[in-house]
There are 2 protein chains.
Amino acid sequence: MDFLSRETAVAEKANLHSVAAHAGVSIATVSKVVNGIHLGMSQATLERVQASINELGYRPNRTGRGLRTLRRFMIGLAVVDPSPTFLTDPFTTNLVAGLSNYLSEQDFGLLLHGIKPRQVEQSFLVRENVVDAFCLMLSGSANSRRTNTAMFAGLNHPLVVFQCKPDETLQDICYINQDDRGGALELAKHILLREPANALIVIPDIFWPAIEKRVEAFWEVLRGAGVATKVLRCDEHSADHIGHSISQHIGRHGLPDVILGGNDKIAVAALQMLDSRGVSVPDQVAVSGFNAFEQHRHAGGNLTSASSPAYEMGVLGGKLLLKRLQSTAFEKNEYTLPVKIIPGATA
Amino acid sequence: MDFLSRETAVAEKANLHSVAAHAGVSIATVSKVVNGIHLGMSQATLERVQASINELGYRPNRTGRGLRTLRRFMIGLAVVDPSPTFLTDPFTTNLVAGLSNYLSEQDFGLLLHGIKPRQVEQSFLVRENVVDAFCLMLSGSANSRRTNTAMFAGLNHPLVVFQCKPDETLQDICYINQDDRGGALELAKHILLREPANALIVIPDIFWPAIEKRVEAFWEVLRGAGVATKVLRCDEHSADHIGHSISQHIGRHGLPDVILGGNDKIAVAALQMLDSRGVSVPDQVAVSGFNAFEQHRHAGGNLTSASSPAYEMGVLGGKLLLKRLQSTAFEKNEYTLPVKIIPGATA
DNA sequence: CTGAAAGCGCTTACAG
DNA sequence: CTGAAAGCGCTTACAG
């Protein structure tokens, strides 16, 4: 490290001392002005300090404040994902945006950190004490999720976990989920209005708790109504793969009256495939998706889906964490946000 | 603030003092162990300290270190965007992922911060001294970009700006751009192989410097080859809008031999519209996009496009900033990353 | 109404 | 080979 140049650079920067010297007051007084504590401070002093702050371009150093107050004014978001591009999922980006915006409003920072599932322990976020509290977005098997949640919970900081089944053995942790079950129930009932005789549920082949909940709910409603229902798991990596899998399934079992996608991506791929084969939607086959996002609503056709409150989940996570930091415990340890269906033209 | 409970909570947390006491050494010794400076330290001491660190679950407090070293080990990324969901663009998410991953590897944190163009000055990132250096992603008019860049440049921290025209009057700033012009030239030449008689360039109606560069390059190549070329600006908010605009244009001016989208979104919308009208691609009309991303390549058809090095731009930004923090100036003040064309089936 | 002083957790040049 | 001490920038209870 180049210590000399660093010292020089720092010397240029205003701090409490240089402002105090410039204004002819103590650093305590400057600190009070900066923090808006003017109870009975003389107008003259206040104005003089303000002027010095402006003139010197003083910006309070959060490290100093942080050390003194033992607060970092910073929340760490760990996105556990095997892929380097851990921000492609619209659920993730919406949630991150909501969290980030809320924290910004409250003058808190968001430390964004993607980690591979096996490398959580090596992360500086875990090894060192950097933030006031954590948010966690997980992927992978139930086992890997449990391990990583426990790892963060063991760090002695408040923790908010998104889209995950609560683990009652852990302390100082709060779960925020969307009501996948409720949304799926509603969506399945909506589809039932078409009086289908048989249905095909198409979901990703990798484990995802939210998807399992949706399937369960679809299944309950459809089977409960006597609809012959099948589940197809496919590689959702590409639209072509999805289309091919569904196509193959239809080749073997015939055209279903309705295809319920586990998410919008699958539903859109199904629509494309059906379109290319000249199958009419919703006349011959109805199609539905799940986890729709406002900014994508206008993207393609008018898909019947269920909206994800990902943005609101991020906001809520920020709120709960900041409230928790002002007190000693979370008020509740689980929140479930509603998922509303969006009736479109496809089902 | 609940000072009492905070003190209690902190008391539980190990620090240099509690580890030193536990191991029966000085805090200086513990600090050296933590930082891997064991030059000639006795094996016994080293092991004793290691054991105490593990037993007490000590995690070094970065605030303390930061205050002492005048480093925060944190880079602030400001995404200036009018929309609350400032992370929807795949260019942005790829760049952020690259930056975040590189910084994480180097044990640096990324402070992610979306700001509305008019509220930059109110942001705590600007008002307070929170990070070691800044990265900036801008949107809006040339004027607004210039103002906001100058604002950050005035903060006395190294600054990296993405996808922006260099402003030579500013200090300690480095620009990282992708070669939109080069990629567009190459793409236009590729399209020329089809020997089109006329071409339609379709771009968003809002200002975006990168788009202007692409249009310029398309225009140069096509007009240079005697192709009758028109430019259509449209609301790219929804695929329907785009399709409608193109459709209308075709109604008035006839079907072009080739449609060059200013980005992939526009190209995909064009493909959908053409498909729905029974126009065959590429036989009747060739179509190309721009700014393709690896993880979306498999999403739809096989669009001819140009790949964006957004992820690599993020990585480079992190590298340059960390290097800059070790020295006194950026080596170069502008970098341009190559944009390669991806020949597909549509053009 | 204002300021002196202690101390948050850490690193490092220096003394022993 | 190890430790005492200074000090990074700040806040706050307390003294005057």
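Residues numbered from 1 in each chain as written. Chains lettered and ligands numbered in written order. Predicted model: local features only at pLDDT ≥ 70, side-chain atom pairs only at ≥ 80, totals over all residues. Heavy atoms only, no water.

1. Focus: the UniProt feature "domain: HTH lacI-type" (unreviewed entry) in chain A
Counted only if it meets this: UniProt positions are given in the numbering used here, feature names are shortened, and annotations may be inferred rather than shown by experiment. Helix and strand labels come from DSSP, where a helix needs a run of H or I of at least four residues and a strand needs a run of E of at least two; each type is numbered from the N terminus.
Using the residue numbers shown here, the UniProt feature "domain: HTH lacI-type" (unreviewed entry) corresponds to residues 14–69 of chain A. For residues 14–69 of chain A, helix accounts for 68% and strand for 0%, while the C-alpha atoms at its two ends are 21 Å apart.

2. Considering the relation of the copies chain B and chain A
Comparison of the two chain copies shows a relationship of rotation about an axis with a shift along it. Note the threshold: Copy-to-copy superposition: least squares on the C-alpha atoms, limited to residues that have pLDDT of at least 70 in both copies.
Least-squares fitting of chain B to chain A yields an RMSD of 0.0 Å, with the transformation described by 0.0 Å of translation along the axis and a rotation of 180 degrees. The relationship between the two copies is best expressed as a two-fold rotation axis. Looking at the rotation axis and the C-alpha trace of chain B, the residue lying nearest is leucine 111 of chain B, at 2.3 Å.

3. What to know about the pairing of strand E5 (residues 173–178) of chain B
Residues and elements named next belong to chain B. Note the cut-off: Only protein chains enter the accessibility calculation, which uses a 1.4 Å probe. A residue is then buried if its area is under 20% of the maximum for its type, exposed if over 50%, and partly exposed in between. Should DSSP find at least two bridges between two strands, the strands are regarded as paired.
Among the six residues of E5, six are classified as buried, and the element is accordingly described as predominantly covered. Neither face of E5 is open: one carries Ile173, Tyr175 and Asn177, the other Cys174, Ile176 and Gln178, and all of them are buried. By the bridge criterion, four bridges tie strand E4 (residues 159–162) to E5 in an arrangement that is parallel. Looking at the pairing, valine 161 lines up with tyrosine 175 of E5. Across four bridges, E5 lies against strand E11 (residues 334–337) in parallel orientation. Of the residues in E11, the one forming a bridge with isoleucine 176 is tyrosine 335.

4. What to know about the sheet that holds strand E6 (residues 198–204) of chain B
Residue and element names in this part refer to chain B. To keep things clear, this is the line we draw: Axis lines are fitted to C-alpha atoms, over the contacting stretch for helices. Their N-to-C directions set the angle, which ranges from 0 to 180 degrees.
Pairing in this open sheet of four strands is parallel, and the strands run E7-E6-E8-E9 from one edge to the other. Each end of this open sheet is capped by a strand with a single partner; those strands are strand E7 (228–234) and strand E9 (286–288). The sheet shows a mean angle of 20 degrees between the axes of neighbouring strands, taken without regard to direction. Sheet analysis places E6 next to strand E8 (residues 258–261), joined by four bridges and oriented parallel. When the bridges of E8 are listed, valine 202 appears paired with glycine 261.

5. Comments concerning the protein's contact with DNA strand C
This is how it is decided: Here a residue is near a molecule or strand as soon as one of its heavy atoms is found within 4 Å of it. We call two N or O atoms a polar contact when they sit within 3.5 Å, provided that within protein one can donate a hydrogen and the other can accept it, with sequence-adjacent residues counted only if both atoms are side-chain atoms.
Neighbouring DNA strand C are 27 residues; Thr45 of chain A together with Leu16, Ser31, Tyr58 and Arg68 of chain B lie closest to it. Backbone atoms, meaning sugar plus phosphate, form 66% of the atoms of DNA strand C positioned within 4 Å of the protein. A distance of 3.0 Å is found between a base oxygen of DNA strand C and a backbone nitrogen or oxygen belonging to arginine 68 of chain A. Here a phosphate oxygen of DNA strand C and a side-chain polar atom of serine 31 of chain B are 2.5 Å apart. If you list the elements that add at least two residues to the surface near DNA strand C, you get helix H3 (27–34) and helix H5 (62–69) of chain A together with helix H3 (27–34) and helix H5 (62–69) of chain B.

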